[in-house]
Protein chains: 2
Amino acid sequence: MDRLTIIKVGGKVVEEPESLNALLDKFIKISGYKILVHGGGRAATDMATRLGLETQMVEGRRITDAAMLEVVTMVYGGLVNKKIVAGLQARGCNAIGLTGADLDLIRAVKRPVGDIDYGFVGDIDDINSRELRVLINENVVPVLAPLTHDGKGNLLNTNADTIASRIATELCNYFGTYLFYCFEKKGVLLNPEDENSVIFELNVQLFNQYKEEGIISEGMIPKLETGFRAKRNGVKEVLITNVENIATGRGTRLL
Amino acid sequence: MDRLTIIKVGGKVVEEPESLNALLDKFIKISGYKILVHGGGRAATDMATRLGLETQMVEGRRITDAAMLEVVTMVYGGLVNKKIVAGLQARGCNAIGLTGADLDLIRAVKRPVGDIDYGFVGDIDDINSRELRVLINENVVPVLAPLTHDGKGNLLNTNADTIASRIATELCNYFGTYLFYCFEKKGVLLNPEDENSVIFELNVQLFNQYKEEGIISEGMIPKLETGFRAKRNGVKEVLITNVENIATGRGTRLL
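All values derive from a computational prediction rather than experimental measurement.

(A) Molecular detail of the overall build of chain A. The number of helices and strands found in chain A is 8 helices and 14 strands. Relative to the compact-globule value of 18 Å for 255 residues, chain A shows a C-alpha radius of gyration of 17 Å, a close match. For chain A, the spread of C-alpha atoms along the principal axes amounts to about 45 × 40 × 35 Å. The buried share among the 255 residues of chain A stands at 52%. Sequence separation of 24 or more characterises 72% of the internal contacts of chain A that already satisfy a separation of 6 or more.

(B) Focus on the sheet that holds strand 14 (residues 252–254) of chain A. Residues and elements named next belong to chain A. Taken together, 8 strands build an open sheet; the order of strands is 5-8-2-1-11-13-14-12 and the sheet is mixed. The open sheet has two edge strands, strand 5 (95–98) and strand 12 (201–202), and neither has a second partner. The pairing of strand 5 with strand 8 (residues 141–144) spans 4 bridges and is classified as parallel. Counted as the bridge partner of Gly97 is Val143 from strand 8. Against the sheet, helix 6 (residues 160–170) touches strand 1 (3–9), strand 2 (33–38), strand 8 and strand 11 (176–183), its axis set at about 175° to strand 1.

(C) Inspection of the sheet that holds strand 5 (residues 95–98) of chain B at higher detail. Residue and element names in this part refer to chain B. In space, the 8 strands of this open sheet follow the order 5-8-2-1-11-13-14-12, with mixed pairing throughout. The sheet is open, and its two edges are formed by strand 5 and strand 12 (201–202), each paired on a single side. Taken together, the 6 bridges between strand 1 (residues 3–9) and strand 2 (residues 33–38) define a ladder with parallel strand orientation. Bridging from a neighbouring strand, Ile6 pairs with Ile35 of strand 2. Seen against the sheet, helix 6 (residues 160–170) touches strand 1, strand 2, strand 8 (141–144) and strand 11 (176–183) and runs at an angle of roughly 175° to strand 1.

(D) Representation of the interface of chain B and chain A. Between chain B and chain A, the residue contacts involve 33 residues of the former and 33 residues of the latter. Mapped by element, the contributors of at least two residues to the side of chain B that touches chain A are helix 4 (66–90), strand 5 and strand 9 (147–149) of chain B. Per-element accounting of the side of chain B that touches chain A gives the leading share, 13 residues, to helix 4 of chain B.

(E) Fine view of the relation of the copies chain B and chain A. Placing chain B over chain A gives an RMSD of 0.0 Å and needs a rotation angle of 180°, together with 0.0 Å of translation along the axis. On the angle and the small slide along the axis, the relation comes out as a two-fold axis. Closest approach to the rotation axis among the C-alpha atoms of chain B is made by Gly78 of chain B, whose C-alpha sits 1.9 Å away. A shared interface surface links the copies, since 100% of the contact residues of chain B are contact residues in chain A too.

Rules of the game
- All residue numbers here refer to positions counted from 1 along the written sequence of the relevant chain.
- Chain labels run from A onward and ligand labels from 1 onward, assigned in the order the entries are written.
- At least 70 in pLDDT is required for a residue's local features to be given in this predicted model, at least 80 for side-chain atom pairs to be given and counted, and no such filter applies to totals for whole chains, interfaces and linings, which use all residues.
- Numbering goes from the N terminus for both helices and strands, where a helix is a DSSP run of H or I of at least four residues and a strand is a run of E of at least two.
- Using C-alpha atoms as the atom set, the radius of gyration is obtained and then compared with a globule rule of 2.2 Å times the number of residues to the power 0.38.
- Whether a residue is buried, exposed or partly exposed follows from its count of other C-beta atoms within 10 Å of its own C-beta, namely 20 or more, 12 or fewer, or something in between, respectively; the C-beta atoms are built from the backbone.
- Note that contacts rest on C-beta atoms placed from the backbone: two residues are in contact if these are within 7 Å.
- When DSSP finds two or more bridges between two strands, those strands count as paired.
- To obtain each axis, a line is fitted to C-alpha atoms, and for helices this fit is confined to the stretch in contact; angles are then taken between N-to-C directions over 0 to 180 degrees.
- To superpose the copies, least squares is applied to the C-alpha atoms of every residue with a pLDDT of at least 70 in both.

Laid out in C-alpha coordinates, this is it:
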(Lines give C-alpha, C1' and ligand atoms only; values in the text may rest on other atoms or scores of the structure.)
Protein backbone atom coordinates (compact mmCIF):
# COMPACT_ATOMS: atom_id res chain seq x y z
CA MET A 1 0.00 0.00 0.00
CA ASP A 2 1.12 3.54 -0.72
CA ARG A 3 2.12 5.72 2.16
CA LEU A 4 -0.18 8.56 3.27
CA THR A 5 0.96 10.99 5.94
CA ILE A 6 -1.64 13.04 7.82
CA ILE A 7 -0.06 16.00 9.56
CA LYS A 8 -2.04 17.94 12.11
CA VAL A 9 -0.61 21.33 13.01
CA GLY A 10 -1.76 23.51 15.86
CA GLY A 11 -2.75 27.11 15.73
CA LYS A 12 0.52 28.53 17.00
CA VAL A 13 2.50 26.96 14.14
CA VAL A 14 0.23 28.18 11.33
CA GLU A 15 -0.53 31.64 12.64
CA GLU A 16 2.94 33.19 12.58
CA PRO A 17 4.38 33.79 9.08
CA GLU A 18 7.82 32.55 10.15
CA SER A 19 6.73 29.26 11.69
CA LEU A 20 4.18 28.73 8.91
CA ASN A 21 6.91 29.07 6.27
CA ALA A 22 9.15 26.69 8.22
CA LEU A 23 6.29 24.19 8.36
CA LEU A 24 5.50 24.43 4.65
CA ASP A 25 9.19 24.04 3.74
CA LYS A 26 9.33 20.81 5.76
CA PHE A 27 5.89 19.61 4.69
CA ILE A 28 6.66 19.58 0.97
CA LYS A 29 9.70 17.37 1.64
CA ILE A 30 7.60 14.55 3.08
CA SER A 31 7.44 11.81 0.48
CA GLY A 32 4.26 10.02 -0.57
CA TYR A 33 0.68 11.18 -0.33
CA LYS A 34 -0.12 13.89 2.22
CA ILE A 35 -2.97 15.61 4.03
CA LEU A 36 -2.61 18.67 6.25
CA VAL A 37 -5.14 19.34 9.01
CA HIS A 38 -4.79 22.66 10.78
CA GLY A 39 -6.10 24.45 13.84
CA GLY A 40 -6.32 28.19 14.30
CA GLY A 41 -7.71 28.69 17.76
CA ARG A 42 -5.48 31.59 18.74
CA ALA A 43 -6.27 33.52 15.57
CA ALA A 44 -9.99 32.89 16.17
CA THR A 45 -9.69 34.15 19.74
CA ASP A 46 -7.83 37.25 18.54
CA MET A 47 -10.44 37.96 15.88
CA ALA A 48 -13.27 37.41 18.37
CA THR A 49 -11.64 39.91 20.73
CA ARG A 50 -11.29 42.47 17.93
CA LEU A 51 -15.00 42.01 17.21
CA GLY A 52 -15.88 42.45 20.87
CA LEU A 53 -16.82 38.80 21.39
CA GLU A 54 -15.75 36.94 24.49
CA THR A 55 -14.11 33.55 24.08
CA GLN A 56 -15.25 30.90 26.49
CA MET A 57 -13.40 27.59 26.67
CA VAL A 58 -14.51 24.50 28.59
CA GLU A 59 -11.93 21.70 28.88
CA GLY A 60 -10.04 23.09 25.92
CA ARG A 61 -13.16 23.28 23.75
CA ARG A 62 -14.56 26.55 22.45
CA ILE A 63 -18.16 27.43 23.25
CA THR A 64 -19.43 28.25 19.77
CA ASP A 65 -22.55 30.38 19.63
CA ALA A 66 -23.81 31.78 16.29
CA ALA A 67 -21.47 34.79 16.41
CA MET A 68 -18.46 32.62 17.30
CA LEU A 69 -19.36 30.18 14.52
CA GLU A 70 -19.06 33.07 12.05
CA VAL A 71 -15.64 33.89 13.49
CA VAL A 72 -14.29 30.34 13.24
CA THR A 73 -15.79 29.89 9.77
CA MET A 74 -13.99 33.05 8.61
CA VAL A 75 -10.74 32.41 10.41
CA TYR A 76 -10.34 28.64 9.95
CA GLY A 77 -12.04 28.26 6.56
CA GLY A 78 -10.84 31.55 5.07
CA LEU A 79 -7.85 33.28 6.62
CA VAL A 80 -5.75 30.40 7.92
CA ASN A 81 -6.73 27.79 5.33
CA LYS A 82 -6.19 29.95 2.24
CA LYS A 83 -2.86 31.31 3.48
CA ILE A 84 -1.60 27.74 3.82
CA VAL A 85 -2.94 26.80 0.38
CA ALA A 86 -1.32 29.84 -1.31
CA GLY A 87 1.93 29.05 0.51
CA LEU A 88 1.91 25.43 -0.66
CA GLN A 89 1.05 26.39 -4.24
CA ALA A 90 4.00 28.81 -4.19
CA ARG A 91 6.13 25.76 -3.36
CA GLY A 92 4.77 23.72 -6.26
CA CYS A 93 2.52 21.59 -4.07
CA ASN A 94 -0.98 21.20 -5.52
CA ALA A 95 -2.98 21.99 -2.39
CA ILE A 96 -6.73 22.38 -2.03
CA GLY A 97 -8.30 23.97 1.03
CA LEU A 98 -11.40 22.27 2.35
CA THR A 99 -13.85 22.11 5.20
CA GLY A 100 -16.02 19.11 6.02
CA ALA A 101 -18.87 20.73 4.07
CA ASP A 102 -16.91 20.74 0.81
CA LEU A 103 -17.63 17.55 -1.15
CA ASP A 104 -19.62 16.46 1.91
CA LEU A 105 -16.28 15.29 3.34
CA ILE A 106 -17.13 15.23 7.03
CA ARG A 107 -20.62 15.02 8.46
CA ALA A 108 -21.04 15.74 12.12
CA VAL A 109 -23.76 15.88 14.73
CA LYS A 110 -24.25 18.98 16.81
CA ARG A 111 -23.17 18.06 20.30
CA PRO A 112 -26.25 17.49 22.47
CA VAL A 113 -26.73 20.02 25.25
CA GLY A 114 -25.81 18.42 28.58
CA ASP A 115 -24.40 20.21 31.60
CA ILE A 116 -22.73 22.46 29.07
CA ASP A 117 -24.13 23.87 25.83
CA TYR A 118 -21.17 23.93 23.46
CA GLY A 119 -23.31 25.52 20.74
CA PHE A 120 -22.31 24.81 17.14
CA VAL A 121 -19.74 22.16 17.98
CA GLY A 122 -19.87 18.99 15.94
CA ASP A 123 -18.93 15.41 16.77
CA ILE A 124 -17.90 13.48 13.67
CA ASP A 125 -20.48 11.11 12.30
CA ASP A 126 -19.08 10.13 8.90
CA ILE A 127 -15.93 10.64 6.82
CA ASN A 128 -16.41 10.55 3.04
CA SER A 129 -13.27 8.62 2.23
CA ARG A 130 -14.22 8.14 -1.44
CA GLU A 131 -13.98 11.84 -2.25
CA LEU A 132 -10.72 12.16 -0.30
CA ARG A 133 -9.26 9.25 -2.27
CA VAL A 134 -10.25 10.80 -5.59
CA LEU A 135 -8.29 13.93 -4.65
CA ILE A 136 -5.29 12.03 -3.26
CA ASN A 137 -5.09 9.82 -6.34
CA GLU A 138 -5.03 12.98 -8.47
CA ASN A 139 -1.93 13.97 -6.45
CA VAL A 140 -3.82 16.78 -4.82
CA VAL A 141 -2.92 17.66 -1.21
CA PRO A 142 -6.02 18.33 0.90
CA VAL A 143 -5.64 21.07 3.52
CA LEU A 144 -8.44 20.66 6.03
CA ALA A 145 -9.86 23.35 8.29
CA PRO A 146 -11.47 22.15 11.55
CA LEU A 147 -15.03 22.70 10.37
CA THR A 148 -17.67 20.08 9.57
CA HIS A 149 -21.33 20.26 8.59
CA ASP A 150 -24.56 18.60 9.65
CA GLY A 151 -26.00 18.01 6.18
CA LYS A 152 -28.82 20.45 6.95
CA GLY A 153 -26.93 23.59 5.97
CA ASN A 154 -25.12 24.25 9.23
CA LEU A 155 -21.37 24.38 9.66
CA LEU A 156 -19.99 23.04 12.92
CA ASN A 157 -16.77 23.65 14.83
CA THR A 158 -14.87 20.36 15.23
CA ASN A 159 -11.61 19.52 16.95
CA ALA A 160 -8.70 19.27 14.49
CA ASP A 161 -6.93 16.45 16.39
CA THR A 162 -10.06 14.34 16.08
CA ILE A 163 -10.48 15.11 12.37
CA ALA A 164 -6.88 14.07 11.69
CA SER A 165 -7.23 10.88 13.70
CA ARG A 166 -10.53 9.86 12.10
CA ILE A 167 -9.24 10.50 8.58
CA ALA A 168 -6.08 8.48 9.25
CA THR A 169 -8.25 5.63 10.50
CA GLU A 170 -10.80 5.74 7.66
CA LEU A 171 -8.08 5.73 5.02
CA CYS A 172 -6.00 2.88 6.43
CA ASN A 173 -7.85 0.34 4.29
CA TYR A 174 -6.45 2.09 1.21
CA PHE A 175 -3.09 3.49 2.31
CA GLY A 176 -0.45 2.86 4.92
CA THR A 177 -1.40 5.85 7.07
CA TYR A 178 0.96 7.82 9.31
CA LEU A 179 -0.47 10.37 11.73
CA PHE A 180 1.77 13.15 13.00
CA TYR A 181 0.60 15.63 15.62
CA CYS A 182 2.83 18.62 15.21
CA PHE A 183 3.14 21.30 17.90
CA GLU A 184 5.77 23.57 19.49
CA LYS A 185 7.56 20.87 21.54
CA LYS A 186 9.79 18.01 20.42
CA GLY A 187 7.32 15.49 21.78
CA VAL A 188 5.60 14.59 25.02
CA LEU A 189 7.91 15.73 27.82
CA LEU A 190 8.65 13.93 31.06
CA ASN A 191 9.50 17.30 32.56
CA PRO A 192 7.75 20.32 31.00
CA GLU A 193 10.69 22.51 32.04
CA ASP A 194 13.16 20.38 30.12
CA GLU A 195 12.75 20.56 26.33
CA ASN A 196 14.98 17.52 25.96
CA SER A 197 13.06 15.17 28.25
CA VAL A 198 11.10 13.71 25.33
CA ILE A 199 9.37 10.39 25.96
CA PHE A 200 10.35 8.54 22.78
CA GLU A 201 7.91 5.69 23.12
CA LEU A 202 4.60 5.64 24.93
CA ASN A 203 2.18 2.78 25.43
CA VAL A 204 -1.28 2.94 27.00
CA GLN A 205 -0.07 1.55 30.33
CA LEU A 206 2.66 4.17 30.65
CA PHE A 207 0.24 6.87 29.47
CA ASN A 208 -2.21 5.96 32.24
CA GLN A 209 0.61 5.95 34.80
CA TYR A 210 1.90 9.38 33.68
CA LYS A 211 -1.66 10.70 33.68
CA GLU A 212 -2.13 9.57 37.28
CA GLU A 213 1.20 11.08 38.29
CA GLY A 214 0.24 14.37 36.61
CA ILE A 215 3.19 14.19 34.21
CA ILE A 216 0.77 14.20 31.30
CA SER A 217 -2.07 16.65 31.79
CA GLU A 218 -4.59 19.03 30.25
CA GLY A 219 -4.78 19.28 26.46
CA MET A 220 -2.26 16.51 25.98
CA ILE A 221 -4.67 13.94 27.43
CA PRO A 222 -7.41 14.08 24.76
CA LYS A 223 -4.72 14.43 22.05
CA LEU A 224 -3.02 11.21 23.17
CA GLU A 225 -6.32 9.38 23.65
CA THR A 226 -7.23 10.29 20.07
CA GLY A 227 -3.80 9.11 18.94
CA PHE A 228 -4.03 5.78 20.75
CA ARG A 229 -7.46 5.21 19.22
CA ALA A 230 -6.01 5.73 15.74
CA LYS A 231 -3.10 3.37 16.49
CA ARG A 232 -5.50 0.71 17.77
CA ASN A 233 -7.60 1.02 14.60
CA GLY A 234 -4.91 0.37 12.03
CA VAL A 235 -2.90 3.57 11.66
CA LYS A 236 0.70 2.46 11.13
CA GLU A 237 2.38 5.14 13.18
CA VAL A 238 1.27 7.95 15.48
CA LEU A 239 3.90 10.52 16.36
CA ILE A 240 3.80 13.66 18.50
CA THR A 241 6.53 15.99 17.30
CA ASN A 242 7.49 19.51 16.26
CA VAL A 243 7.92 21.14 12.83
CA GLU A 244 11.66 20.54 12.90
CA ASN A 245 11.13 16.79 13.07
CA ILE A 246 8.15 16.05 10.82
CA ALA A 247 10.54 14.82 8.14
CA THR A 248 12.94 12.95 10.48
CA GLY A 249 10.21 11.06 12.35
CA ARG A 250 11.69 11.83 15.79
CA GLY A 251 9.37 12.60 18.68
CA THR A 252 6.97 10.63 20.86
CA ARG A 253 5.85 7.45 19.15
CA LEU A 254 2.66 5.79 20.38
CA LEU A 255 2.86 2.01 20.76
CA MET B 1 -21.11 19.36 -26.17
CA ASP B 2 -22.58 19.22 -22.68
CA ARG B 3 -24.12 22.32 -21.23
CA LEU B 4 -22.27 24.20 -18.46
CA THR B 5 -23.94 27.14 -16.72
CA ILE B 6 -21.79 29.66 -14.87
CA ILE B 7 -23.85 31.74 -12.49
CA LYS B 8 -22.36 34.84 -10.94
CA VAL B 9 -24.24 36.17 -7.92
CA GLY B 10 -23.62 39.50 -6.28
CA GLY B 11 -23.07 40.18 -2.63
CA LYS B 12 -26.59 41.30 -1.81
CA VAL B 13 -28.09 37.99 -2.96
CA VAL B 14 -25.73 35.74 -0.99
CA GLU B 15 -25.48 37.77 2.20
CA GLU B 16 -29.09 37.60 3.38
CA PRO B 17 -30.26 34.14 4.53
CA GLU B 18 -33.62 34.54 2.77
CA SER B 19 -32.31 35.55 -0.66
CA LEU B 20 -29.47 33.04 -0.35
CA ASN B 21 -31.95 30.23 0.26
CA ALA B 22 -34.08 31.40 -2.68
CA LEU B 23 -30.96 31.40 -4.87
CA LEU B 24 -29.87 27.92 -3.82
CA ASP B 25 -33.38 26.52 -4.36
CA LYS B 26 -33.33 27.87 -7.92
CA PHE B 27 -29.69 27.00 -8.55
CA ILE B 28 -30.09 23.27 -7.90
CA LYS B 29 -32.89 23.15 -10.49
CA ILE B 30 -30.63 24.26 -13.34
CA SER B 31 -29.92 21.21 -15.46
CA GLY B 32 -26.47 20.22 -16.68
CA TYR B 33 -23.08 21.10 -15.25
CA LYS B 34 -22.85 24.21 -13.06
CA ILE B 35 -20.40 26.62 -11.47
CA LEU B 36 -21.33 29.32 -8.97
CA VAL B 37 -19.16 32.44 -8.64
CA HIS B 38 -20.06 34.75 -5.79
CA GLY B 39 -19.25 38.22 -4.53
CA GLY B 40 -19.52 39.39 -0.97
CA GLY B 41 -18.54 43.04 -1.05
CA ARG B 42 -21.17 44.28 1.34
CA ALA B 43 -20.31 41.65 3.96
CA ALA B 44 -16.63 42.55 3.58
CA THR B 45 -17.41 46.24 4.06
CA ASP B 46 -19.50 45.45 7.15
CA MET B 47 -16.74 43.28 8.62
CA ALA B 48 -14.11 45.94 7.87
CA THR B 49 -16.25 48.52 9.67
CA ARG B 50 -16.62 46.23 12.69
CA LEU B 51 -12.83 45.88 12.74
CA GLY B 52 -12.35 49.64 12.53
CA LEU B 53 -11.05 49.56 8.95
CA GLU B 54 -12.19 52.11 6.42
CA THR B 55 -13.37 50.87 3.03
CA GLN B 56 -12.17 52.86 0.06
CA MET B 57 -13.63 52.18 -3.39
CA VAL B 58 -12.35 53.58 -6.68
CA GLU B 59 -14.60 53.05 -9.72
CA GLY B 60 -16.35 50.19 -7.95
CA ARG B 61 -13.08 48.46 -7.04
CA ARG B 62 -11.96 48.01 -3.44
CA ILE B 63 -8.58 49.37 -2.39
CA THR B 64 -7.09 46.29 -0.77
CA ASP B 65 -4.24 46.91 1.64
CA ALA B 66 -2.84 44.07 3.80
CA ALA B 67 -5.52 44.48 6.49
CA MET B 68 -8.33 44.60 3.89
CA LEU B 69 -6.89 41.52 2.17
CA GLU B 70 -7.29 39.63 5.46
CA VAL B 71 -10.91 40.78 5.64
CA VAL B 72 -11.80 39.71 2.09
CA THR B 73 -9.94 36.42 2.52
CA MET B 74 -11.97 35.68 5.64
CA VAL B 75 -15.29 36.92 4.35
CA TYR B 76 -15.20 35.72 0.74
CA GLY B 77 -13.14 32.54 1.21
CA GLY B 78 -14.57 31.58 4.60
CA LEU B 79 -17.87 33.07 5.68
CA VAL B 80 -19.75 33.55 2.41
CA ASN B 81 -18.22 30.64 0.50
CA LYS B 82 -18.72 27.98 3.17
CA LYS B 83 -22.29 29.06 3.93
CA ILE B 84 -23.15 28.55 0.25
CA VAL B 85 -21.40 25.18 0.17
CA ALA B 86 -23.17 23.93 3.30
CA GLY B 87 -26.48 25.16 1.85
CA LEU B 88 -25.93 23.34 -1.44
CA GLN B 89 -24.85 20.14 0.32
CA ALA B 90 -28.04 20.29 2.37
CA ARG B 91 -29.89 20.28 -0.97
CA GLY B 92 -28.02 17.22 -2.24
CA CYS B 93 -25.75 19.21 -4.54
CA ASN B 94 -22.11 18.12 -4.30
CA ALA B 95 -20.52 21.56 -3.96
CA ILE B 96 -16.91 22.42 -3.29
CA GLY B 97 -15.82 25.90 -2.21
CA LEU B 98 -12.68 27.21 -3.84
CA THR B 99 -10.52 30.26 -4.35
CA GLY B 100 -8.11 30.74 -7.23
CA ALA B 101 -5.28 29.49 -4.98
CA ASP B 102 -6.91 26.08 -4.50
CA LEU B 103 -5.65 23.64 -7.16
CA ASP B 104 -3.84 26.66 -8.64
CA LEU B 105 -7.14 27.42 -10.37
CA ILE B 106 -6.65 31.12 -11.10
CA ARG B 107 -3.31 32.88 -11.26
CA ALA B 108 -3.32 36.63 -11.27
CA VAL B 109 -0.89 39.51 -11.40
CA LYS B 110 -0.97 42.19 -8.74
CA ARG B 111 -2.26 45.30 -10.46
CA PRO B 112 0.65 47.67 -11.16
CA VAL B 113 0.57 50.91 -9.21
CA GLY B 114 -0.46 53.74 -11.53
CA ASP B 115 -2.37 56.85 -10.52
CA ILE B 116 -4.04 54.62 -7.98
CA ASP B 117 -2.50 51.89 -5.82
CA TYR B 118 -5.22 49.25 -5.57
CA GLY B 119 -3.02 47.16 -3.27
CA PHE B 120 -3.60 43.40 -3.31
CA VAL B 121 -5.91 43.41 -6.31
CA GLY B 122 -5.22 40.83 -9.00
CA ASP B 123 -5.82 40.86 -12.73
CA ILE B 124 -6.32 37.35 -14.08
CA ASP B 125 -3.36 35.85 -15.86
CA ASP B 126 -4.30 32.21 -16.25
CA ILE B 127 -7.28 29.90 -15.65
CA ASN B 128 -6.43 26.26 -14.93
CA SER B 129 -9.24 24.73 -16.94
CA ARG B 130 -7.89 21.19 -16.60
CA GLU B 131 -8.48 21.07 -12.83
CA LEU B 132 -11.92 22.64 -13.23
CA ARG B 133 -12.85 20.01 -15.81
CA VAL B 134 -11.73 17.19 -13.52
CA LEU B 135 -14.13 18.47 -10.86
CA ILE B 136 -16.99 19.09 -13.28
CA ASN B 137 -16.64 15.67 -14.84
CA GLU B 138 -16.85 14.18 -11.33
CA ASN B 139 -20.24 15.96 -11.08
CA VAL B 140 -18.87 18.31 -8.47
CA VAL B 141 -20.20 21.89 -8.42
CA PRO B 142 -17.41 24.44 -7.90
CA VAL B 143 -18.36 27.46 -5.79
CA LEU B 144 -15.78 30.15 -6.43
CA ALA B 145 -14.90 33.03 -4.13
CA PRO B 146 -13.49 36.18 -5.81
CA LEU B 147 -9.91 35.54 -4.71
CA THR B 148 -6.92 34.57 -6.84
CA HIS B 149 -3.22 34.09 -6.12
CA ASP B 150 0.07 35.18 -7.65
CA GLY B 151 1.89 31.85 -7.37
CA LYS B 152 4.31 33.40 -4.87
CA GLY B 153 2.18 32.81 -1.80
CA ASN B 154 -0.01 35.91 -1.99
CA LEU B 155 -3.76 35.90 -2.31
CA LEU B 156 -5.28 38.67 -4.41
CA ASN B 157 -8.73 40.28 -4.52
CA THR B 158 -10.27 39.82 -7.97
CA ASN B 159 -13.56 40.96 -9.44
CA ALA B 160 -16.17 38.18 -9.47
CA ASP B 161 -17.77 39.28 -12.78
CA THR B 162 -14.40 38.95 -14.48
CA ILE B 163 -13.72 35.53 -12.93
CA ALA B 164 -17.10 34.25 -14.16
CA SER B 165 -16.56 35.64 -17.65
CA ARG B 166 -13.03 34.28 -17.99
CA ILE B 167 -14.05 30.82 -16.78
CA ALA B 168 -17.00 30.71 -19.18
CA THR B 169 -14.64 31.65 -22.01
CA GLU B 170 -11.87 29.21 -21.09
CA LEU B 171 -14.29 26.31 -20.82
CA CYS B 172 -16.15 26.90 -24.08
CA ASN B 173 -13.83 24.55 -25.94
CA TYR B 174 -15.11 21.72 -23.75
CA PHE B 175 -18.70 22.66 -22.94
CA GLY B 176 -21.50 24.76 -24.34
CA THR B 177 -21.12 27.55 -21.75
CA TYR B 178 -23.90 29.83 -20.51
CA LEU B 179 -23.01 32.84 -18.38
CA PHE B 180 -25.67 34.34 -16.12
CA TYR B 181 -25.05 37.50 -14.12
CA CYS B 182 -27.56 37.42 -11.34
CA PHE B 183 -28.42 40.53 -9.32
CA GLU B 184 -31.44 42.21 -7.67
CA LYS B 185 -33.09 43.48 -10.88
CA LYS B 186 -34.86 41.57 -13.65
CA GLY B 187 -32.25 42.70 -16.16
CA VAL B 188 -30.75 45.91 -17.53
CA LEU B 189 -33.43 48.57 -17.19
CA LEU B 190 -34.28 51.30 -19.67
CA ASN B 191 -35.66 53.32 -16.77
CA PRO B 192 -34.11 52.56 -13.35
CA GLU B 193 -37.38 53.65 -11.70
CA ASP B 194 -39.38 51.07 -13.63
CA GLU B 195 -38.64 47.48 -12.65
CA ASN B 196 -40.46 46.27 -15.74
CA SER B 197 -38.52 48.29 -18.32
CA VAL B 198 -36.13 45.38 -18.96
CA ILE B 199 -34.09 45.57 -22.17
CA PHE B 200 -34.55 42.01 -23.41
CA GLU B 201 -31.83 42.07 -26.04
CA LEU B 202 -28.72 44.21 -26.13
CA ASN B 203 -26.04 44.44 -28.80
CA VAL B 204 -22.80 46.41 -28.63
CA GLN B 205 -24.15 49.26 -30.76
CA LEU B 206 -27.18 49.75 -28.54
CA PHE B 207 -24.99 49.38 -25.44
CA ASN B 208 -22.75 52.21 -26.65
CA GLN B 209 -25.76 54.38 -27.44
CA TYR B 210 -27.35 53.78 -23.99
CA LYS B 211 -23.98 54.44 -22.36
CA GLU B 212 -23.71 57.80 -24.14
CA GLU B 213 -27.27 58.66 -23.20
CA GLY B 214 -26.54 57.79 -19.56
CA ILE B 215 -29.23 55.06 -19.56
CA ILE B 216 -26.55 52.50 -18.72
CA SER B 217 -24.08 53.77 -16.15
CA GLU B 218 -21.72 53.04 -13.27
CA GLY B 219 -21.16 49.41 -12.23
CA MET B 220 -23.32 48.09 -15.08
CA ILE B 221 -20.78 49.31 -17.67
CA PRO B 222 -17.82 47.05 -16.71
CA LYS B 223 -20.25 44.17 -16.09
CA LEU B 224 -21.67 44.44 -19.61
CA GLU B 225 -18.25 44.94 -21.18
CA THR B 226 -17.09 41.75 -19.49
CA GLY B 227 -20.25 40.02 -20.72
CA PHE B 228 -19.82 41.18 -24.33
CA ARG B 229 -16.20 39.98 -24.27
CA ALA B 230 -17.36 36.51 -23.17
CA LYS B 231 -20.02 36.46 -25.91
CA ARG B 232 -17.47 37.49 -28.54
CA ASN B 233 -15.13 34.70 -27.38
CA GLY B 234 -17.46 31.76 -27.75
CA VAL B 235 -19.80 31.76 -24.74
CA LYS B 236 -23.19 30.63 -26.08
CA GLU B 237 -25.33 32.92 -24.02
CA VAL B 238 -24.80 35.83 -21.65
CA LEU B 239 -27.79 36.86 -19.57
CA ILE B 240 -28.26 39.56 -16.94
CA THR B 241 -31.10 38.52 -14.67
CA ASN B 242 -32.37 38.05 -11.13
CA VAL B 243 -32.65 34.99 -8.90
CA GLU B 244 -36.29 34.49 -9.85
CA ASN B 245 -35.34 34.01 -13.50
CA ILE B 246 -32.10 32.02 -13.48
CA ALA B 247 -34.06 28.91 -14.35
CA THR B 248 -36.44 30.55 -16.88
CA GLY B 249 -33.70 32.32 -18.83
CA ARG B 250 -35.58 35.66 -18.90
CA GLY B 251 -33.63 38.89 -18.51
CA THR B 252 -31.27 40.93 -20.69
CA ARG B 253 -29.63 38.77 -23.33
CA LEU B 254 -26.39 40.04 -24.88
CA LEU B 255 -26.15 39.68 -28.64
